[in-house]
Amino acid sequence: YTTTQLAVLSRFFPSAHFLLLGDENQAVNEGTASFAEVRDLFRRLRGSVDECALMISYRSSPEITELFCKLLDERERVQATSVQRPGTHPCIMEFADLDEYESALRDVVEKASGQEGLTALIANTRSRAKQLAKLLAGIPIQVVSENSALPTSGVVLLDVKLAKGLEFDHAIVPDVQEGAFPNEPLRRHRLYTAISRATQRVTLLANGPLSNLLR
């Protein structure tokens, strides 16, 4: 929500008590209200706000949780934990050559298409997802749209906005180079969201130096 949308809801439901549940780090759209802005708005319009931080990951393995927690501020990073069993360490690959990068990406996706469980190839934007679909032509993957039903196995291709709120056995996140994911709030949120979709395995590929967000 934007602050304007929240103000309108507060205005038209003056007797309501509001319960807002969410993860500020998954704010992948421009203009989304920060938690600080939400607190300030409701304190001004309603007088008081109670807040409870839920810092336990029930989705991802400890290894994946540790990886996406690198994208949190220090206070949240210390508090966040996973209750899942230890699993597979994240696979992170950097390539200096574009051809090597694209070849490795095809290999990773093709291998995933033959494995058990559901794998998601998560692009930063919808336009990048379309480019990846062309690059991976010939590999059995399903391009997901807003009205698509997810299969139970195989590989699906979607952008991070569609991936938000979903979970997958394996997440493949391409283009995690510094140029695509600089230290900027919206990009950090999108990278956090993509990585945290994975429950058991995550693979990151960078076409160039890895983003400093993950170092």
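Each remark here, short or long, concerns the structure printed above.
What counts as what
- Residues numbered from 1 in each chain as written.
- Predicted model: local features only at pLDDT ≥ 70, side-chain atom pairs only at ≥ 80, totals over all residues.
- Heavy atoms only, no water.
- Helix = DSSP H or I, 4+ residues; strand = E, 2+ residues; numbered from the N terminus.
- Rg over C-alpha atoms; globule rule 2.2 N^0.38 Å.
- Buried < 20%, exposed > 50% of the residue type's maximum accessible area, 1.4 Å probe, protein only.
- Contact = heavy atoms within 4.5 Å.
- Areas by Shrake-Rupley, 256 points an atom, 1.4 Å probe, with all protein chains shown as cover.
- Axes fitted to C-alpha atoms, helices over the stretch in contact; angles between N-to-C directions.
- Parallel < 35°, antiparallel > 145°, perpendicular 65-115°, else oblique.
- Left-handed = near helix turned anticlockwise from the far one by under 90°.
- Nonpolar A, V, L, I, M, F, W, Y, C, P; charged D, E, K, R; others polar.
- Pairing = 2+ DSSP bridges.
- Salt bridge = Lys/Arg side-chain N within 4 Å of Asp/Glu carboxyl O.
- Core = buried A, V, L, I, M, F, W, Y, C linked by side-chain atoms within 4.5 Å.

### So, the overall build of the protein
1) Next: Per the secondary structure count, the protein includes eight helices and eight strands.
2) Next: Here the C-alpha atoms of the protein give a radius of gyration of 19 Å, agreeing with the 17 Å that 2.2 N^0.38 yields for 215 residues.
3) Next: In terms of overall dimensions, the protein has C-alpha extents of about 55 × 35 × 30 Å along its principal axes.
4) Next: Counting every position in the protein, which comprises 215 residues, the buried fraction comes to 39%.
5) Next: The long-range share in the protein, meaning contacts at least 24 apart out of those at least 6 apart in sequence, stands at 75%.
6) Next: Accessible surface computed for the protein: about 12200 Å², of which carbon and sulfur atoms make up 50%.

### Some points on helix 8 (residues 185-195)
1) Next: Counting buried residues along helix 8, eight of its eleven residues qualify, which places the element largely inside the surrounding structure.
2) Next: All buried positions along helix 8 are accounted for by L186, H189, R190, L191, Y192, T193, A194 and I195.
3) Next: Elements that come into contact with the buried residues of helix 8 comprise helix 3 (62-69), strand 4 (118-123), helix 7 (160-163), strand 7 (168-173) and strand 8 (198-207).

### A closer look at the packing of helix 1 (residues 3-12) against helix 2 (residues 35-46)
1) Next: Between helix 1 and helix 2, the shortest axis-to-axis distance is 10 Å and the interhelical angle comes to 25°. Here helix 1 is positioned roughly parallel relative to helix 2, judged by the angle of their axes. Crossing of helix 1 against helix 2: the hand is right-handed. Taken together, the residues of helix 2 that come into contact with helix 1 (itself represented by T3, L6, A7 and S10) are E37, V38, L41, F42, L45 and R46.
2) Next: In the contact of helix 1 with helix 2, the residues fall into six nonpolar, two polar and two charged.

### Some remarks on the sheet that holds strand 7
1) Next: Sheet architecture is open: six strands sit in the order 3-8-7-4-6-5, paired in parallel fashion. Strand pairing shows two members of the sheet lacking a second neighbour, strand 3 (91-95) and strand 5 (141-143), which therefore form its edges. The mean angle between the axes of side-by-side strands here comes to 20°, regardless of whether they run parallel or antiparallel.

### Side note on the pattern of salt bridges
As a working rule, side chains carrying opposite charge can pair if their charged atoms are close by.
1) Next: Overall, the coordinates contain six salt bridges when judged by the stated rule.
2) Next: Ionic pairing is found between R215 and E94, a salt bridge with its closest N-O pair at 2.9 Å. In this pair, R215 is assigned in the segment after strand 8 and E94 in strand 3, connecting sequence segments 121 residues apart.
3) Next: Each of R126, E146 and D159 takes part in salt bridges that share partners, so that together they form one network.

### Here we look at the nonpolar core
1) Next: Counting 32 residues, the largest nonpolar core has L191 and I195 as the members making the most contacts within it.
2) Next: Among the secondary structure elements, those contributing two or more residues to this core are helix 3, strand 4, strand 6 (154-159), helix 7, strand 7, helix 8 and strand 8.
3) Next: In this structure, F95, V108, A123 and A129 belong to the second largest nonpolar core, which totals 17 residues.

### A word on the packing of helix 5 (residues 98-113) against helix 6 (residues 126-135)
1) Next: Closest axis-to-axis distance for the helix 5/helix 6 pair is 11 Å, and the angle between their directions is 80°. Judged by the angle between their axes, helix 5 and helix 6 are roughly perpendicular. Side by side, helix 5 and helix 6 meet where Y101, E102, L105 and R106 of the first sit next to R128, L132 and L135 of the second.

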